Amino acid sequence: MTASGHKKKSTSTSSIWGGRFSGGQDELMIAVNASIDYDQRLYEQDINGSQAHAEMLAAQGIISASDADSITKGLEVIRDEIRQGDFVFSHALEDIHMNIETRLKEIIGEPAGRLHTARSRNDQVATDLRLWVRQQCDDIDTALTALQQALMDQAEQHAATLMPGYTHLQTAQPVTFGHHLMAYVEMLGRDRGRFADARKRMNESPLGAAALAGTSFPIDRHMTAKALGFDAPMANSMDAVSARDFAMEYLAAAAITATHLSRLAEEIVFWSSDRFGFIRLSDAFSTGSSIMPQKRNPDAAELVRAKPGRITGALITMLTVVKGLPMTYCKDMQEDKEPVFDATDHLGIAIAVMEGMIRDMTVFPKVMAEALASGFATATDLADWIVAHLNVPFRDAHHITGQVVALAEHKNKRLDELTLDELQSVHDGLTAETLAVLDPAASVASRQSYGGTAPDQVKAAIKAARKRFS
């Protein structure tokens, strides 16, 4: 042991690349160099890529068909071992690629050495990660679709449920709870679009780019690309091994999605608070206090609210890792996987938890409607009526309405509680008809513009959204 407490040298050198080296590695070098603790989750992609590569090598006459068959069968054995938890991963073998290839040699012997012909770990890992991220785009789309469905189901039940709409977290205008929830359906639809766009751009194969310059072997990169579900092979071998913008774009989409989830989580936090009381989460998505027995804490929502910090951090990590790298592959790129994996794990649980909360919550329409009693939510309706019926410019109507609000505030009344005499004391053009527009239900029903909060518009929006986002 050295003074710092680690063994200075290991006598082992990787049999995969160790021909160049005669001495053992420092234990710290092994520790910093190994990625198997986290990149083992790429095993399915690594095996699929290797099988496609072996099949192509045989089709091109580069290896024999019998060797390719042995490789394919041996890789299936390894796949089963990993799935069943029987595979022993080695830090000394660094990564998932070398762990699998070494085990393959133990199973099938000499043919295993032919698998790495015309490829490098550089194009291998780039291929694996693209395949993995591509699958996550599909899985996230499925999860976001389910969340949209949960929101639309609640919105349909509450297409006519009145609540205050807010700006600056101050009562602004009456809206419906269904309309409010549908705003998030639209946000999540754009999130799905970002993942779909990212998927489309990443769907090109790096396999066959080898270390960076391509290979002199007569490989068929189009064949392996097709076998792995890529649209085409990447057109430049240097770009193929060094590009990580697909992961950056994926993480950017993840960060934006997490931000949208956080906004909804924040609303759930205050909707479920004692001060608002608009909704209630069941015990399934709440916790208590260790000291205050009356507490019901929306911890699930609060944790979702916190996720953008972690996921945006992953994006910043990725951008920082790649920002100063020269062409082509550098070992820095080994740091690309953990932020992608971590962000994916936390986004996945955030989406699932949010869907659970939306389906779980109990809504209290009466409390929401009562909240409209304060804040003079129909003031804009009054201003609009003055413009439409008295031919007054909007700025003047705005001033008149402000005077009416001041009067109501002085008398400690809601706008719809003011008498006609009181209204006319502000402006003699106000009539009994004016009183009708001060009712929150009438205000909501009048918002018939496309995308508005009128209940029939909300129902139409839900119907259209179910088709668009199926």
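The rules we used
Residues numbered from 1 in each chain as written. Predicted model: local features only at pLDDT ≥ 70, side-chain atom pairs only at ≥ 80, totals over all residues. Heavy atoms only, no water. Helix = DSSP H or I, 4+ residues; strand = E, 2+ residues; numbered from the N terminus. Rg over C-alpha atoms; globule rule 2.2 N^0.38 Å. Buried < 20%, exposed > 50% of the residue type's maximum accessible area, 1.4 Å probe, protein only. Contact = heavy atoms within 4.5 Å. Areas by Shrake-Rupley, 256 points an atom, 1.4 Å probe, with all protein chains shown as cover. Lys, Arg positive; Asp, Glu negative; His and termini not counted. Charge placed at Lys NZ, Arg CZ, Asp CG, Glu CD. Patch = residues over 30% accessible without salt bridge, like charges linked within 9 Å, V, L, I, M, F, W, Y side chains within 5 Å. Salt bridge = Lys/Arg side-chain N within 4 Å of Asp/Glu carboxyl O. Core = buried A, V, L, I, M, F, W, Y, C linked by side-chain atoms within 4.5 Å.

Examining the overall build of the chain
Check the secondary structure of the chain and you find 19 helices and six strands. Taken against the 2.2 N^0.38 rule, which gives 23 Å for 470 residues, the C-alpha radius of gyration of the chain at 31 Å runs more than 25% over that of a compact globule. Its C-alpha atoms give the chain principal-axis dimensions of about 100 × 55 × 40 Å. Within the chain, the fraction of its 470 residues that count as buried is 48%. At a minimum sequence separation of 6, the contacts of the chain that also span at least 24 residues come to 73%. Summed over all atoms, the accessible surface of the chain reaches about 22,200 Å², with 53% contributed by carbon and sulfur. The chain carries 47 positive and 61 negative side-chain charges, and their two centres are separated by 2 Å.

Some remarks on a negative patch on the surface
The grouping of Asp37, Asp332, Glu335 and Glu338 at the surface amounts to a negative patch. In this fold, Asp332 is placed in the loop between α11 (299-323) and α12 (337-360). Taking relative accessible area as the criterion, Asp332 reaches 39% and is therefore assigned partly exposed.

Digging into the nonpolar core
If you look at the biggest cluster of nonpolar residues, it comprises 93 residues, and the most contacted ones within it are Ile268, Trp271 and Met354. Sort the elements by how many residues they give to this core and helix α10 (residues 245-271) lands first, with 16 residues. Excluding residues within four positions of it along the chain, Ile268 makes contact with Ile279, Leu281, Ala301, Met354, Met357 and Ile358. Ranked by size, the runner-up nonpolar core spans 17 residues in total, among them Trp385, Ile386, Ala397 and Val405.

A look at the pattern of salt bridges
Counted according to the given criterion, the structure contains 30 salt bridges. With its nearest N and O atoms 3.2 Å apart, the salt bridge here joins Glu355 to Arg359. Here the residue Glu355 and the residue Arg359 both occupy positions in helix α12, the gap between them amounting to four residues, near one helical turn. With a shortest N-O distance of 3.7 Å, Arg447 and Asp384 are connected by a salt bridge. Of this pair, Arg447 sits in the loop between α18 (440-446) and α19 (455-468) while Asp384 sits in helix α14 (residues 379-390), placing them 63 residues apart in sequence. With a relative accessible area of 22%, Arg447 lands in the partly exposed category. Looking at Asp384, the relative accessible area reads 32%, which means it is partly exposed. Through salt bridges that share partners, Asp153, Glu156, Glu355, Arg359 and Arg466 make up one connected network.

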